[in-house]
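Residue-level structure breakdown
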Amino acid sequence: MAIHKVLEPKIDQLFAEWDKSDSPGAALAVIRDGEIIYKRGYGMANLEYDIPITTTTIFDIASISKQFAGFAIATLLYEGKLSLDDDIRIYLPDVPDFGNTIKIRHLIHHTSGLRDWSQALVIAGSEMDDVISFKHILKMVRHQKALNFEPGTAFSYSNTGYNLLAEVVETITGDSFREWTDTNIFKPLAMTNTHFHDEHEMLLKNRAYSYLSDGNDGFKNAVNNLTALGSSSLYSTVEDLAKWVLNFDDTCIGDQTVVEQMHQRGVLNNGEQLNYAFGLNIGEYRALKMVEHGGAWRGFRSHIVRFPDQKFAVIILSNLDTFRFRLTDEVIKLYLADVLGPEESEPDEVAQPVEGIKSRPLPPEQLTEFEGDYHTEELDTTYTIGVHENQLVAQHIRHDDILLTYADGHFLGDSWFFPEVHFTRDNTGRVTGFKLTGDRVRNLYFQKKTHDNAH
C-alpha cells in the first residue's frame, strides 16, 4: 500500500486547478484488487452556500447511466423475457412502423436509425435548461416520420434508443424503470445514494449543482431539469459507483452470463464489429484491455474507466462543463505505469487542400427563391428563411438567427443543431422544402408553406 501513499500527492496535484473554495470541482475514486485505494473530493458542490464536494456528493452522471439500462436488458435476456432480435414494437406498439424492423439489439448498439432527442428537441425550439421529461422524449418518438438510416446499417449515438430500452423494461416487468433498478441493482449493492431521477422537482440532499464557465474566470448556474431515464438522469456518488464497478469482477447481482452479455459488442449488417456493447465502450489503452464510458449534461462531466485484467478502475464525477474530461488518463498513467504499453505517437498532421467544396455567396436575387416559412410536422415547428443584408438567414422564435452559407449545391448553417440544409424542388424547379441533416438527426423534412397549406 505504500506506493499508493506516494502517488496520492501527485493525484491531488492533477486536481489542483479545481481544488478551491471558489470553484466547482470533482470527486474521485480509484479502485484496485477489489477495494477503493484512494478517494477524495475537490472543489465545491455548491458555490452559493460554500458546500464542498466529498466522496458522498451526488452528481448527475449523464450517459454513464446507459450501462445500467444495458444491465437491465441483459438480465431480462438471461431470464428469457425478451430476445435481442425482438421487434421493439412488440413491447412499444406506439412507436411508428418505419417499414424496417427496429430490434432490441439496434437500440442497445446505437444502430436503430432513431433520431437523438438532444438534437431534435433543440431544432424544435427547446433549450437545454427547459423541463425535458421522459414522457416528452417518448412523445417525440411517436411523432417521428422517418429514420436516419436503415436499422443495422450504421452507428449513430442515440440517447433516444436507451430511453426506449427503459420503457421496454417497464412494459415487461410492470415496474417503473426507477423501481426495477432500485430493487434489482441499487438496493442489493447497497448503493444507498443512487437512483434514476424521474421527477425534476424532487428534493435531493447532498447533490452537486452544475456550473458553466462564464469565460471570464467565473461561473454561472447550469439549470438541470432533465429526466431522461435509461440514457441519462442517474444520480450517484463515486463511492456508490465503486460498488457497481466491483460487481463486474465479483458478481453480487446478475449471473456471470449477464456480465459477459454486457460486454458483447454490436455488429453491423455488413459484419463490421463496433466498439459499443451494452452501454459500454470496449477497446484498448496502451496495449491493455479497457472498458469505459463518459457522460456530459449541462455542467456535469463524468467518466468511468475499467481495466478488467488489472482489476483497476478510475471514477471521476465533475460539476463543471470545462472540466478536463480525460483526466482519467493522467490517473491511469500514475497507477499503471509498470504495465502500460508504449504511448502511441500522434501522426504528423499535414494540411491537405479541401476539394469539391465550392463556398461562394449567391447573389440576392437568387437567394429570394428560398424565402418563406418552412414547417416540419415531425417536430411541429416552423423556421422562417429570408434574405437579410444580402445573406440567407433561418429564424426561429426561440433561437438566435442562423446564417446559411452556400456551399457546393447546398447551404451550411452556423449552428451545431442546424448544420446542413438541402432544399428540395418540384419538377418545375420551384422550392418546395428542405431536408436538415446533422450528426444525430438526418434528412429531417421541412415543407415550405404556401397559401394553401399555411396554418
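This report concerns the structure included in the present document. Remember, predicted model here, so these are calculated numbers, not experimental data. (Residues numbered from 1 in each chain as written. Predicted model: local features only at pLDDT ≥ 70, side-chain atom pairs only at ≥ 80, totals over all residues. Heavy atoms only, no water.)

So, the overall build of the chain
When its secondary structure is counted, the chain shows 11 helices and 21 strands. Expected size for 455 residues packed as a compact globule is a radius of gyration near 23 Å; at 24 Å, the chain falls within 12% of this value. Seen through its principal axes, the chain has C-alpha atoms that stretch 80 × 55 × 45 Å. Per-residue burial over the chain gives 53% buried out of 455 residues. Long-range pairs, those at least 24 residues apart, make up 62% of the contacts in the chain with a sequence separation of at least 6. When the accessible surface of the chain is totalled, it reaches about 20,900 Å², and 46% of it is carbon and sulfur. Taking the average place of the 42 positive charges on the side chains of the chain and the average place of its 67 negative ones, the gap between the two points comes to 2 Å. (Helix = DSSP H or I, 4+ residues; strand = E, 2+ residues; numbered from the N terminus. Rg over C-alpha atoms; globule rule 2.2 N^0.38 Å. Buried < 20%, exposed > 50% of the residue type's maximum accessible area, 1.4 Å probe, protein only. Contact = heavy atoms within 4.5 Å. Areas by Shrake-Rupley, 256 points an atom, 1.4 Å probe, with all protein chains shown as cover. Lys, Arg positive; Asp, Glu negative; His and termini not counted. Charge placed at Lys NZ, Arg CZ, Asp CG, Glu CD.)

A word on helix H6 (residues 159–173)
With 15 residues, H6 extends 22 Å between its outermost C-alpha atoms, agreeing within 8% with the 21 Å of an ideal straight helix rising 1.5 Å per residue. Listing the buried residues of H6 in full gives Asn159, Thr160, Gly161, Tyr162, Asn163, Leu164, Leu165, Ala166, Val168 and Val169. On the buried face of H6, the contacting elements are helix H2 (66–78), helix H3 (104–108), helix H4 (117–123), helix H5 (134–142) and helix H7 (177–186). (Expected span 1.5 Å × (residues − 1).)

With respect to the nonpolar core
Formed by 105 residues in total, the largest nonpolar core has its most connected members in Phe68, Ile73, Trp244, Ile315, Phe411, Phe418 and Phe423. Not counting chain neighbours up to four residues away, the residues in contact with tryptophan 244 comprise Gln67, Phe68, Phe71, Ile185, Leu189, Met191, Ile253 and Met262. Membership of the second largest hydrophobic core comes to 27 residues, among which are Tyr285, Phe307, Phe312 and Ile316. (Core = buried A, V, L, I, M, F, W, Y, C linked by side-chain atoms within 4.5 Å.)

Digging into the packing of aromatic side chains
Taken as a whole and judged by the stated rule, the model has 29 aromatic pairs. Ring centres 6.0 Å apart and planes at 65 degrees place the aromatic pair phenylalanine 418 and phenylalanine 434 in the edge-to-face group. Residue phenylalanine 418 is found in the loop between strand S18 (410–413) and strand S19 (420–425), and its partner phenylalanine 434 is found in strand S20 (residues 431–437); the two are separated by 16 residues along the sequence. Phenylalanine 434 carries the same exposure label as phenylalanine 418, and that label is buried. By way of ring pairs, the aromatic residues Phe370, Tyr374, Tyr383, Tyr406, Phe411, Trp416, Phe417, Phe418, Phe423, Phe434 and Phe446 are connected into one cluster. A cation over a ring is seen here: arginine 306 above phenylalanine 248, with NZ or CZ 3.8 Å from the ring centre. (Phe/Tyr/Trp six-rings, centres within 6.5 Å; stacked < 30°, edge-to-face > 60°. Lys NZ or Arg CZ within 6 Å of the ring centre and 35° of its normal.)

Some words on the pairing of strand S1 (residues 26–32)
Burial of S1 is extensive: 7 of the 7 residues sit out of reach of the surface. A two-sided burial pattern is seen for S1, the buried positions comprising Ala26, Leu28, Val30 and Arg32 on one face and Ala27, Ala29 and Ile31 on the other. Where S1 meets strand S2 (residues 35–42), 7 bridges bridge the pair, whose relative direction is antiparallel. Paired with leucine 28 across the bridge in S2 is arginine 40. Where S1 folds back on S2, the antiparallel hairpin that results is connected by 2 residues, among which aspartate 33 adopts a positive phi of roughly 50 degrees. Pairing of S1 with strand S13 (residues 312–318), which is carried by 7 bridges, proceeds in the antiparallel orientation. Across the sheet, residue isoleucine 31 finds its bridge partner in S13, namely alanine 313. (Pairing = 2+ DSSP bridges.)

A few points about the environment of serine 126
Structurally, serine 126 can be placed in the loop between H4 and H5. A sequence separation of 272 residues divides serine 126 from arginine 398, and the C-alpha atoms of the two residues are 7.6 Å apart. Leaving out residues up to four positions away in the same chain, serine 126 has contacts with Leu121, His136, Arg398 and His399.

Quick word on the side chain of aspartate 130
Here aspartate 130 is to be found in the loop between H4 and H5. On the basis of relative accessible area, aspartate 130 is assigned to the buried category, the value being 19%. Engagement of the side chain of aspartate 130 in a polar contact is seen with the backbone nitrogen of glutamate 127, the distance being 2.8 Å. A polar side-chain atom of aspartate 130 sits 2.8 Å from a polar atom in the side chain of arginine 398. (Polar contact = N/O pair within 3.5 Å; in protein donor to acceptor, adjacent residues only side chain to side chain.)

Concerning the packing of H5 against H6
Contact geometry for H5 and H6: axes closest at 10 Å, N-to-C directions at 105 degrees. With respect to their mutual orientation, H5 and H6 come out roughly perpendicular. Contacts between H5 and H6 involve Phe134, Ile137, Leu138, Met140 and Val141 on the former and, on the latter, Thr160, Asn163, Leu164, Ala166, Glu167 and Glu170. Looking at the contact of H5 with H6, its residues break down into 7 nonpolar, 2 polar and 2 charged. (Axes fitted to C-alpha atoms, helices over the stretch in contact; angles between N-to-C directions. Parallel < 35°, antiparallel > 145°, perpendicular 65-115°, else oblique. Nonpolar A, V, L, I, M, F, W, Y, C, P; charged D, E, K, R; others polar.)

Let's talk about the environment of valine 393
Secondary-structure assignment places valine 393 in strand S16 (residues 391–396). Linking valine 393 and valine 259, residues 134 residues apart in sequence, is a C-alpha distance of 51 Å. In this structure, valine 393 is in contact with Thr384, Ile385, Gly386, His388, Asp401, Ile402 and Leu403, ignoring residues within four places of it in sequence.

So, unusual backbone geometry
Unusually for a residue other than glycine, asparagine 390 sits at a positive phi of about 65 degrees. Structurally, asparagine 390 can be placed in the loop between strand S15 (381–388) and S16. Of note in this structure, aspartate 408 is not a glycine but carries a positive phi near 55 degrees. Looking at where aspartate 408 falls in the secondary structure, it is placed in the loop between strand S17 (399–407) and S18. The partly exposed category is assigned to aspartate 408, whose relative accessible area is 37%.

A closer look at H5
Listed in full, the buried residues belonging to H5 are Phe134, Ile137, Leu138, Met140 and Val141. Seen along its axis, H5 keeps its buried residues to an arc of 155 degrees; they face one direction. For H5, the elements touching its buried residues are H4 and H6. (Arc of directions from axis to C-beta.)

Brief notes about the pattern of salt bridges
Within this structure, the stated rule accounts for 21 salt bridges. Among the salt bridges present, the one from lysine 39 reaches glutamate 239, with a minimum N-O distance of 3.0 Å. Separated by 200 residues along the polypeptide, lysine 39 in strand S2 and glutamate 239 in helix H8 (residues 238–249) bring together distant segments of the chain. Taken together, the salt bridges that share partners define one network made up of Arg286, Glu330, Lys333 and Glu343. (Salt bridge = Lys/Arg side-chain N within 4 Å of Asp/Glu carboxyl O.)

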